[in-house]
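Summary of the model geometry
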Amino acid sequence: MHVDNLPAGGTAPPETDTGPAARPPVVTARGVTKAYGRTRALTGVDLEVRAGEVLGLVGHNGAGKSTLMRVLAGMEACDTGTVLVHGRKASADDFRSVRMAYQETSLCPDLTVAENMWVSSRHCLPRLRWRRAASDAVRRRLDEMFPGHGVSPRDRVEDLSLARRQMVEIARACLVDRLDLLILDEPTESLGPDAARSLYAYVRGLTETGTAVLLISHRIREVLSVADRVAVLRDGAVTAERPAAGLGEPDVLELMGAHVAVPDGTGTRTAAGGAAARETAAELRGATAPGLREVTLRVGKGEVVGLAGLAGQGQQEVLERLWRPVRRDTAVNVTRAYVPGDRQRSGVLPLWSVGDNLIVTALRGIARKGLRRPAEERAVVGDWVKRLAIRGGAEAGITELSGGNQQKVIVARAFASPAGLVLLDDPFRGVDVHTKTDLYRLIREEAAKGRSIVWYSSENAEMAHCDRVYVFRAGRIVAELTGEEISEERIIAVSFNEDGGND
Ligand SMILES: Nc1ncnc2c1ncn2[C@@H]1O[C@H](COP(=O)(O)OP(=O)(O)OP(=O)(O)O)[C@@H](O)[C@H]1O
């Protein structure tokens with residue numbers, strides 16, 4: 001069967017189905033362990049994923065989620081223990097119906113979307129006229145999964161936005177002639193809310209045909225709204241499994257190991273109106289560029305300024321402008337540091353250690369008379385590794401770290417530098433809830449010391465930690481919200497112009 005004949009699906013649930021608990025397991029892990037050198041990533045995992053269910057898997061950065069997924073998908077062998085597919089010890093062929101969409105996409109950047117499809121799904125595409133077949137198949141799958149996706153099969157992957165690359169990655173995973181288990185590793189971290197909704201509608205359709213879905217996410221509310229069951233991974237082992245119905249976000253956080261008050265940002269920002277009195281750190285005066293239309297904004301010293309609105313409305317162009325000021329319309333009076341959201345493309349220096357990645361922007365400030373001071377550098381690195389609980393330590397290669405821990409290093413790099421203005425481009429992709437809470441606190445502490453922060457976030461709730469928020473639509477500022485005016489509801493309303501904003 002070729003991919004054109006999909007929707008793919010495993011064994012449809014029997015008519016007398018009594019829910020996921022009664023269904024047969026598709027993939028089973030028994031006593032699975034996996035170590036990388038001295039790091040024990042998995043310490044004895046027992047887990048069952050059943051036909052037709054969505055199983056949510058949650059846990060801290062570095063808990064072992066991605067490692068477990070790679071083992072369950074047959075991409076890596078475990079050290080001890082067993083992985084069964086449909087109750088049998090799995091062979092390479094059995095793993096063909098287990099597909100995974102990766103957190104860091106697995107696409108080849110210099111190939112087109114269609115060529116990537118051929119690379120990963122060639123066993124179910126014809127050899128003759130494969131390019132046409134791959135193009136048709138991926139276009140159809142993207143149309144089903146993400147209506148209005150805006151991706152052409154001829155696009156080179158490196159030219160696509162992070163969100164579009166993520167869509168292609170997910171579509172790639174679903175291009176197969178039989179899909180028994182779909183593993184989604186943080187699939188919505190770079191998708192907008194509409195694309196996330198479309199994805200989960202598609203996922204529901206898949207489970208109705210018997211496909212099992214294993215969903216890893218740090219977005220606990222999202223997991224609870226989609227999953228039938230939730231499993232918690234802690235220090236490489238499953239420590240709890242519960243039906244999702246009846247569980248709330250605080251219950252899951254507690255199962256993950258620590259009680260955290262779900263942050264709402266209230267009480268952390270400075271008094272409304274305080275911004276006007278501050279000295280200016282940076283400003284745009286009628287800045288116009290591709291994607292930006294006459295944007296005027298001001299950032300005070302010690303102020304946290306949010307850039308909100310639907311994705312792609314000019315927020316990243318503002319960050320870019322503040323990073324590389326154009327004299328005619330931009331003034332930046334302090335040094336700058338940038339935290340990119342796309343760590344694969346511009347964040348991580350892959351051949352360097354955690355410590356070197358972290359300290360690189362702070363070196364000049366630490367050096368005396370042009371000479372480096374290794375002891376001081378080590379102290380700064382050690383302090384940040386501890387502060388952000390970066391699992392793996394300073395000596396580890398950065399690519400040995402889990403995705404969330406890599407992101408923490410990039411955030412630490414910016415704050416370890418002496419920069420007076422820190423530009424954050426959706427900086428907490430893949431960072432767990434506990435660490436995010438610490439980072440929100442860190443942002444406020446750094447602002448209190450006089451640093452200015454400009455923060456674009458695709459999660460409107462995060463904007464509650466800002467002093468002021470500019471809401472963008474079509475390259476323009478459509479509202480400026482201050483203090484108590486900043487709320488998720490208000491931002492959404494203004495983004496769609498439901499209450500007129502400043503228009
Ligand atoms: N290729 C590797 N080499 C060395 N160590 C690794 C490698 N892959 C993972 N690890 C280590 O194994 C542990 C588990 O990592 P894993 O990526 O599975 O965590 P995770 O739960 O997916 O984290 P995150 O939520 O941040 O993505 C971490 O300590 C990580 O540093």
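Residues numbered from 1 in each chain as written. Predicted model: local features only at pLDDT ≥ 70, side-chain atom pairs only at ≥ 80, totals over all residues. Heavy atoms only, no water.

Focus: the overall build of the protein
- Within the protein one finds 15 helices and 19 strands.
- Relative to the globule expectation of 23 Å for 503 residues, the C-alpha radius of gyration of the protein, 23 Å, shows essentially globular dimensions.
- Viewed in the frame of its principal axes, the protein has a C-alpha envelope of about 70 × 50 × 45 Å.
- Counting over 503 residues, the protein shows a buried share of 54%. (Helix = DSSP H or I, 4+ residues; strand = E, 2+ residues; numbered from the N terminus. Rg over C-alpha atoms; globule rule 2.2 N^0.38 Å. Buried < 20%, exposed > 50% of the residue type's maximum accessible area, 1.4 Å probe, protein only.)

Re the site of the ligand
- Among the 22 residues in the neighbourhood of the ligand, the closest are listed as Lys65, Ser66, Thr67, Glu400 and Ser402.
- A distance of 2.8 Å is found between an oxygen atom of the ligand and a side-chain nitrogen or oxygen belonging to lysine 65.
- Here an oxygen atom of the ligand sits 2.6 Å away from a polar atom, N or O, in the side chain of threonine 67.
- The site holding the ligand turns out to be the second largest pocket.
- Looking at the shell around the ligand, the elements with two or more residues in it are strand 2 (39–50), helix 1 (65–72) and helix 13 (403–416). (Near = heavy atom within 4 Å. Polar contact = N/O pair within 3.5 Å; in protein donor to acceptor, adjacent residues only side chain to side chain. 1 Å grid on protein atoms, 1.4 Å probe; cavity = no way out; pocket = protein on both sides within 12 Å on 5 of 7 lines; lining within 4 Å. Sits in = over half its atoms within 2 Å of the grid points.)

As for the environment of glutamate 241
- Along the chain, the position of glutamate 241 falls in strand 10 (residues 237–243).
- The sequence separation of glutamate 241 and leucine 55 amounts to 186 residues, and the corresponding C-alpha distance is 9.6 Å.
- Not counting residues up to four positions away in its chain, the partners in contact with glutamate 241 are Asp46, Leu47, Arg229, Val230 and Ala231.
- Only 2.7 Å separates the side chain of glutamate 241 from the side chain of arginine 229, close enough to count as a polar contact. (Contact = heavy atoms within 4.5 Å.)

Observations regarding the packing of helix 2 (residues 113–121) against helix 3 (residues 130–145)
- Following both chains from N to C, one finds helix 2 and helix 3 inclined at 100 degrees, their axes separated by 8 Å at the closest point. When the interaxial angle is binned, helix 2 and helix 3 end up roughly perpendicular. Facing Val113, Ala114, Glu115, Met117 and Trp118 of helix 2, the residues of helix 3 in contact are Trp130, Arg131, Ala134, Ser135 and Val138.
- Partitioned by chemical class, the residues of the contact of helix 2 with helix 3 number 7 nonpolar, 1 polar and 2 charged. (Axes fitted to C-alpha atoms, helices over the stretch in contact; angles between N-to-C directions. Parallel < 35°, antiparallel > 145°, perpendicular 65-115°, else oblique. Nonpolar A, V, L, I, M, F, W, Y, C, P; charged D, E, K, R; others polar.)

Some points on helix 3
- The end-to-end C-alpha distance of helix 3, which contains 16 residues, comes to 22 Å, matching closely the 22 Å that a straight helix rising 1.5 Å per residue would cover.
- Listed in full, the buried residues belonging to helix 3 are Ala133, Ala134, Ser135, Ala137, Val138, Arg141, Leu142 and Met145.
- Structurally, helix 3 contributes buried residues whose contacts are with helix 2, helix 4 (162–174) and helix 5 (193–208). (Expected span 1.5 Å × (residues − 1).)

Quick notes on the packing of helix 3 against helix 4
- Between helix 3 and helix 4, whose axes approach to 10 Å, the crossing angle comes to 110 degrees. The orientation of helix 3 with respect to helix 4, classified from their angle, is roughly perpendicular. Handedness of the crossing formed by helix 3 with helix 4: right-handed. Every residue of helix 4 that contacts helix 3 at Arg141, Leu142 and Met145 is listed here: Met167, Val168, Ile170, Ala171 and Cys174. (Left-handed = near helix turned anticlockwise from the far one by under 90°.)

What to know about the domain arrangement of the protein
- One can read the domain layout of the protein as domain 1 (25–256) and domain 2 (280–496).
- On a C-alpha basis, the centres of domain 1 and domain 2 stand 29 Å from each other.
- Listed by partner, the interface residues are 24 residues for domain 1 and 20 residues for domain 2.
- Here domain 1 is connected to domain 2 by 1 salt bridge.
- Arginine 219 is the salt-bridge partner of glutamate 459, the closest N and O atoms lying 3.8 Å from each other.
- Sorting the residues of the side of domain 1 that touches domain 2 by element identifies helix 4 and helix 7 (249–256) as the ones contributing at least two each. (Domains from an automatic or database assignment. Salt bridge = Lys/Arg side-chain N within 4 Å of Asp/Glu carboxyl O.)

Section: the confidence of the model for the protein
- In this model, the protein carries a mean pLDDT of 87, and residues with pLDDT of at least 70 account for 90%.
- Across residues 498–503, where pLDDT falls below 50, the model places 13 contacts with residues more than four positions away in sequence or in other chains.
- In the model output, the complex is listed with pTM 0.79 alongside ipTM 0.98. (pLDDT = per-residue confidence, 0-100.)

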